[in-house]
Amino acid sequence: MKILVGIKRTVDPNVRIQVKADGSGVALESVKMSVNPFDEIALEEALRMREAGKAEEVIAVSVGSGECQDQLRTALAMGADRAILVQHDEPLEALVVAQVFVAIAAKEEPGIILLGKQAIDDDAGQTAQMTAALWNRAQATYASKIEIEGTKARVTREIDVGLDIIEVDLPAVISADLRLNEPRYVKLPDIMKAKRKPLAKTDLSELGVATENKLKVLKTSPPPARKPGRKVADEAELIGELRKTGLI
Amino acid sequence: MSEAIERDVMEYDVVVVGAGPAGLACAIRLKQLDPERSVCLLEKGSYVGAHILAGAVIEPEPLDELLPGWRDNPPPICIPVEKDDFYYLTRNKQFRSPMAPPQMNNHGNYIVSLSAMCQWLAPQAEDLGVEIYPGFAAAETLFNEQGQVMGVRTGDMGIAKDGSSKSGYTPGVDIHAKATVFAEGCRGSLTKALIRHFELDKDVAPQTYGIGLKELWQLPEGRVQPGLVQHTLGWPLPADTYGGGFIYHLDQDRVALGFVIGLDYPDPNLFPFECFQQLKHHPLLHDFLEGGTIISSGTRTLVEGGWQSMPIMEMPGALMVGDCGGTLNVPKIKGTHTAMRSAMIAAEHLHENALNPVGYDSMLRSSAVSRELKKVRNIRPGFRWGLWGGLVNAGFETVTMGLSPWTLTNHADHTATKKLSEYHGSTTDYRDRDLAPKDRLASVYYAATEHDEDQPVHLHVLDPEVCISTCVEEYNNPCTRFCPANVYEMVEDQNYERHLQINSANCVHCKTCDIKDPYGIITWVTPEGGAGPNYQNL
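Since this is a predicted model, take the numbers as computed values, not measurements.

Cut-off values and rules
Residues numbered from 1 in each chain as written. Chains lettered and ligands numbered in written order. Predicted model: local features only at pLDDT ≥ 70, side-chain atom pairs only at ≥ 80, totals over all residues. Heavy atoms only, no water. Helix = DSSP H or I, 4+ residues; strand = E, 2+ residues; numbered from the N terminus. Contact = heavy atoms within 4.5 Å. Areas by Shrake-Rupley, 256 points an atom, 1.4 Å probe, with all protein chains shown as cover. Patch = residues over 30% accessible without salt bridge, like charges linked within 9 Å, V, L, I, M, F, W, Y side chains within 5 Å. Salt bridge = Lys/Arg side-chain N within 4 Å of Asp/Glu carboxyl O. Buried < 20%, exposed > 50% of the residue type's maximum accessible area, 1.4 Å probe, protein only. Pairing = 2+ DSSP bridges. Axes fitted to C-alpha atoms, helices over the stretch in contact; angles between N-to-C directions. Arc of directions from axis to C-beta. pLDDT = per-residue confidence, 0-100. Core = buried A, V, L, I, M, F, W, Y, C linked by side-chain atoms within 4.5 Å. Lys, Arg positive; Asp, Glu negative; His and termini not counted. Charge placed at Lys NZ, Arg CZ, Asp CG, Glu CD. Phe/Tyr/Trp six-rings, centres within 6.5 Å; stacked < 30°, edge-to-face > 60°. Lys NZ or Arg CZ within 6 Å of the ring centre and 35° of its normal. 1 Å grid on protein atoms, 1.4 Å probe; cavity = no way out; pocket = protein on both sides within 12 Å on 5 of 7 lines; lining within 4 Å. Points joined across faces, edges and corners; volume = space filled by probe spheres on them. Nonpolar A, V, L, I, M, F, W, Y, C, P; charged D, E, K, R; others polar. Polar contact = N/O pair within 3.5 Å; in protein donor to acceptor, adjacent residues only side chain to side chain.

A few points about the overall build of chain B
Turning to step 1, where the next piece is worked out: Helix and strand counts for chain B stand at 14 helices and 24 strands.
Turning to step 2, where the next piece is worked out: Viewed in the frame of its principal axes, chain B has a C-alpha envelope of about 65 × 60 × 50 Å.
Turning to step 3, where the next piece is worked out: Sequence-distant contacts, at least 24 apart, represent 77% of the contacts inside chain B between residues at least 6 apart.
Turning to step 4, where the next piece is worked out: Total accessible area on chain B stands at roughly 20,400 Å², and carbon and sulfur atoms take up 51% of it.

Right, here's the structure in full:
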């Protein structure tokens, strides 16, 4: 079984971002970029499946600018066998990316498309679901545990009321939640080896995917600044204030 | 750790520790001289530039030499200096000096973000074939059987706070090299131990340091004058303390501002973070900043010992370049050009001597770097006579071009702190503050510092008992003030007993504690690779 893993290049989660003064987006000049943390978790799970003998090959796929090669090399250093970069310089929305995964799946015939549940930059959280629909396969989203039994996957999902355990036929699309695993540390020698692993490049027209984005970002703005608090003298004043502001 | 850990070994011709301007310049030069040579560059920051913080006004000559075409493809922040202003501040007033000191004439120099500049240098080094590994800290020096340095070991990853292995435990790798170049910057943790081990400083004066705090601000349109360089002396520092502020006007309505204080300050109650914030609230700056937003902040120490404190820069199998050896020119308040030059000299020496470091020290000492440092050697130590005595001495040394037959010595900074009972000059007439950040924790947020909480504390306090038994009486626990990130806190437990709490996850890797703690019992070691601040454009 092959596993396709989506790798998105996003702003590093530890970096403080800044909204551009004209509201046209987030300033990314000399900002550290990383693999989307949920994609890292998806990759880790795919690698563990391969190490457990449940899969033969892990293929990392990224859709974006040429710079995404950095993140694909990280994926290869973590242990992916090979990588595919679908090069496109403009940002793409989930529906186009889902079409890309389906187009690649048609060629690679993976048993699982394993994706992060969302990307930390746009927080859309749609690609896995759209991919499953377009691919016409089952989806098991927000996985916190995955067990492969023959041609089926048992997936545990953390939901509001507890754990939801579902079983899907493979091939399927699975999206990784935060508690699925803790990704491994990349080893220095593996970073070196990753430089020699195969990284294929293709683009949307080669895959026959139309690039039409359906959404338009009108404005990006930082969250409003928090107003300073103030001290109250006693409980009575506190309750009075809360009443006044309609909080109780 | 048991001996049974199997470690990967990687072999290189040269391993360079630290991807600052010196480490990058050395690696680039080594590859330019011989493209076949294998060069590995380790960086503890999560990316190149993440731990780099400087003013910074730089002299461009070493860049011209290293990368002749750089002016066509300059670093992202690179503004020619247009004007130098020099101020003396009292609490409520400012006096602009009719002329700037000659060392501070910045005509032909550039204001850069050193962090962004290193980020810009890294891909150029990689294009030459340098293998750069950010996120990997050199945690230990490796020695061969003859006692020569034979490389470094990177830090283990995945060790829990109690020292046990976590599930993802990954042992560090051993990097063996024919020559090891230490370019760790000020108070490098490995170089500190090596200087002691090989007694490299036994014939020189103790090293002295400064602490430099910096912030980057975005201001409303029209306030910033790109290329304007302003320096201040005086308030809020007492005359017995060396230091001053800087305000560098960048492009796109950004301004870099900061405050440097000599760590030989005597006042045990001095609070460097507060001093910097007070400077921002001086009439010279308050209205200028008001309405702007802080983008990032950080702190780093700098070496101030100069020529007379420079240790022997070579040792068997290894050598030092840049500020871990102390090549900064204090009167110019510039170290990038000398650091890069020392690194290029090291690369050229290694190239010509089959990677043998022997002879590099004398080559460096007969170079322009050393001549430059020697000429100004007496200026910084003259400030032991206070601000005015220091300025008179600086004037004399400048006019005589450093030809005076004497060399003033330095004293170790941690011995310079006076006891509470001996010091009575603490400044207390501080202003109320309204500009961000309100405290050190807010400031740490703008440094974007990050450490996995479940890892061993990387600040080793030899005997925490001293904090409660002696230090509180003698010095009032100065670590709780000199640390710019509020790492050290004295807290009470349930039984109302005080003890030292180390919030190591806040650490911004400035090394002040390792230098200034009055008993010399704090040792800074590398935390897990990739941890620490994530500076942007500092």
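So, a nonpolar patch on the surface
All names here are of chain A.
Turning to step 1, where the next piece is worked out: Taken together, the side chains of Val-232, Leu-238, Ile-239, Leu-247 and Ile-248 define a hydrophobic patch exposed on the protein surface, amounting to about 450 Å² of accessible area.
Turning to step 2, where the next piece is worked out: Residue position: Leu-247 is located in the segment after α7 (235-244).
Turning to step 3, where the next piece is worked out: Judged by its relative accessible area of 63%, Leu-247 is exposed.

What about the sheet that holds strand β1 (residues 2-6) of chain A?
Residues and elements named next belong to chain A.
Turning to step 1, where the next piece is worked out: Read from one edge to the other, the open sheet built from nine strands follows the order β9-β8-β7-β10-β6-β1-β4-β5-β11, with strand pairing classed as mixed. Each end of this open sheet is capped by a strand with a single partner; those strands are β9 (162-169) and β11 (199-203). The mean angle between the axes of side-by-side strands here comes to 35°, regardless of whether they run parallel or antiparallel.
Turning to step 2, where the next piece is worked out: When strand β7 (residues 138-149) meets strand β10 (residues 172-176), the two strands line up parallel, connected through four bridges. Along β10, the bridge assignment pairs Ala-140 with Ile-174.

Let's talk about helix α9 (residues 368-375) of chain B
Residues and elements named next belong to chain B.
Turning to step 1, where the next piece is worked out: Within the span of α9, buried status applies to Val-369, Ser-370, Glu-372 and Leu-373. Looking straight down α9, one finds its buried side chains confined to an arc of 160°; they lie on one side.
Turning to step 2, where the next piece is worked out: Turning to α9, the residues buried within the fold contact α7 (336-352) and α8 (360-365).

Describing the confidence of the model for chain B
Turning to step 1, where the next piece is worked out: For chain B, mean pLDDT is 94; residues scoring 70 or higher make up 99% of the total.
Turning to step 2, where the next piece is worked out: In the predicted assembly, ipTM is 0.86 and pTM is 0.93.

Quick word on the sheet that holds strand β3 (residues 57-58) of chain B
Two orientations exist for strands paired in a sheet by backbone hydrogen bonds: parallel and antiparallel.
Turning to step 1, where the next piece is worked out: The three strands are arranged β3-β7-β4 (chain B) in an open sheet whose pairing can be described as antiparallel. In this open sheet, the two edge strands, each paired with only one partner strand, are β3 and β4 (78-80) of chain B.

Points about the pairing of strand β1 (residues 9-17) of chain B
Residues and elements named next belong to chain B.
Turning to step 1, where the next piece is worked out: Within β1, seven of the nine residues are buried, which leaves it mostly tucked inside the rest of the structure.
Turning to step 2, where the next piece is worked out: Pairing of β1 with strand β13 (residues 174-182), which is carried by eight bridges, proceeds in the parallel orientation. Looking across to β13, one finds that Met-10 is bridged to Ile-175.
Turning to step 3, where the next piece is worked out: With four bridges connecting them, β1 and strand β2 (residues 39-43) associate as parallel partners. Its bridge partner being in β2, Val-17 is matched across the sheet by Leu-42.

Side note on the nonpolar core
Residue and element names in this part refer to chain B.
Turning to step 1, where the next piece is worked out: Formed by 83 residues in total, the largest nonpolar core has its most connected members in Trp-217, Val-255, Ile-261, Phe-288, Leu-289 and Tyr-488.
Turning to step 2, where the next piece is worked out: Examining the composition of this core, we find that six residues originate from one element, strand β17 (residues 254-262), more than from any other.
Turning to step 3, where the next piece is worked out: When neighbours within four sequence positions are excluded, Trp-217 is seen to be in contact with Asp-253, Arg-254, Val-255, Leu-257, Lys-280, Leu-289, Gly-292, Thr-293, Ile-294, Ile-295, Leu-435 and Ala-436.
Turning to step 4, where the next piece is worked out: Listed in part, the 77 residues of the second largest apolar core include Cys-78, Leu-114, Ala-183 and Leu-319.

Here we look at a negative patch on the surface
Turning to step 1, where the next piece is worked out: A cluster of acidic residues, Glu-182 of chain A together with Asp-162, Glu-453 and Asp-454 of chain B, forms a negative patch on the protein surface.
Turning to step 2, where the next piece is worked out: By the secondary structure assignment, Asp-162 of chain B is in the loop between β11 (157-159) and β12 (165-170).
Turning to step 3, where the next piece is worked out: Judged by relative accessible area, Asp-162 of chain B falls into the exposed class, the value being 65%.

Looking at the packing of aromatic side chains
All names here are of chain B.
Turning to step 1, where the next piece is worked out: Counting across every chain of the model gives ten aromatic pairs over all chains.
Turning to step 2, where the next piece is worked out: Plain terms: the ring middles of Trp-70 and Trp-120 are 6.5 Å apart, the flat faces sit at 75° to each other, and that makes the pair edge-to-face. With Trp-70 in the loop between α2 (61-66) and β4 and Trp-120 in helix α3 (residues 114-127), the pair connects residues that are 50 residues apart, well separated along the chain.
Turning to step 3, where the next piece is worked out: Assessed through its relative accessible area of 3%, Trp-70 is described here as buried.
Turning to step 4, where the next piece is worked out: Given a relative accessible area of 9%, Trp-120 falls into the buried group.
Turning to step 5, where the next piece is worked out: Ring centres 5.2 Å apart and planes at 75° place the aromatic pair Tyr-445 and Tyr-446 in the edge-to-face group.
Turning to step 6, where the next piece is worked out: An aromatic cluster is defined as three or more aromatic residues linked by ring pairs; in this entry it consists of Trp-70, Tyr-110 and Trp-120.
Turning to step 7, where the next piece is worked out: Geometry around Trp-235 places Arg-431 over its ring, the cationic atom sitting 5.5 Å from the centre.
Turning to step 8, where the next piece is worked out: Just above the ring of Trp-524 sits the side chain of Lys-511; from NZ or CZ to the centre is 4.3 Å.

Considerations on the layout of surface pockets
Residue and element names in this part refer to chain B.
Turning to step 1, where the next piece is worked out: There is about 1,700 Å³ of room inside the second largest pocket.
Turning to step 2, where the next piece is worked out: Elements supplying a minimum of two residues to the lining of the second largest pocket: β14 (209-218), β18 (293-303) and α11 (440-447).
Turning to step 3, where the next piece is worked out: Residue classes in the lining of the second largest pocket are distributed as 25 nonpolar, twelve polar and ten charged.

Looking at the side chain of Gln-207 of chain B
Residues and elements named next belong to chain B.
Turning to step 1, where the next piece is worked out: For Gln-207, the location among the structural elements is in the loop between α4 (189-197) and β14.
Turning to step 2, where the next piece is worked out: What makes Gln-207 buried here is its relative accessible area of 16%.
Turning to step 3, where the next piece is worked out: The residues contacting Gln-207, other than those within four sequence positions of it, are Val-303, Glu-304, Gly-305, Gly-306, Ser-309, Gly-325, Gly-326, His-411, Ala-412 and Asp-413.

Considering the interface of chain B and chain A
Interfaces are often described in size by the accessible area the parts lose on coming together.
Turning to step 1, where the next piece is worked out: At the interface, 30 residues of chain B touch 16 residues of chain A.
Turning to step 2, where the next piece is worked out: At the boundary of chain B and chain A, one finds zero salt bridges.
Turning to step 3, where the next piece is worked out: On the surface where chain B and chain A come into contact, there are five residue pairs in polar contact (both at pLDDT 80 or more).
Turning to step 4, where the next piece is worked out: Going through the elements one at a time, β1, β8 (131-134), β11, β12 and α11 of chain B are the ones with two or more residues in the side of chain B that touches chain A.
Turning to step 5, where the next piece is worked out: Top contributing element to the side of chain B that touches chain A by residue count: β12 of chain B, with three residues.

Some thoughts on the pattern of salt bridges
A pair can form between side chains of opposite charge whenever their charged atoms are brought close.
Residue and element names in this part refer to chain B.
Turning to step 1, where the next piece is worked out: With the rule as written, the count across this model stands at 45 salt bridges over all chains.
Turning to step 2, where the next piece is worked out: Two residues, Asp-251 and Arg-254, come together in a salt bridge whose shortest N-O distance is 2.9 Å.
Turning to step 3, where the next piece is worked out: When its relative accessible area of 22% is taken as the criterion, Asp-251 is described as partly exposed.
Turning to step 4, where the next piece is worked out: Here Arg-433 ties to Glu-274 by a salt bridge, and the two come within 3.0 Å at their closest N and O atoms.

With respect to unusual backbone geometry
Residue and element names in this part refer to chain B.
Turning to step 1, where the next piece is worked out: For the peptide bond that leads from Gly-55 to Ala-56, omega is -10°, which places it in the cis range.
Turning to step 2, where the next piece is worked out: Among the structural elements, Ala-56 can be located in the loop between β2 and β3.
Turning to step 3, where the next piece is worked out: Cis geometry is adopted by the peptide bond preceding Pro-437, which originates at Ala-436 and carries an omega value of -5°.
Turning to step 4, where the next piece is worked out: Tracing the chain through its elements places Pro-437 in the loop between α10 (386-399) and α11.
Turning to step 5, where the next piece is worked out: Not every positive phi belongs to a glycine, and Ala-354 is a case in point at roughly 50°.
Turning to step 6, where the next piece is worked out: Within the secondary structure layout, Ala-354 lies in the loop between α7 and α8.
Turning to step 7, where the next piece is worked out: Residue Ala-354 is classed as exposed on the basis of its relative accessible area, which comes to 70%.
Turning to step 8, where the next piece is worked out: With a phi close to 60°, Asn-537 is a non-glycine residue in the positive phi region.
Turning to step 9, where the next piece is worked out: Within the secondary structure, Asn-537 is located in the segment after β24 (522-524).

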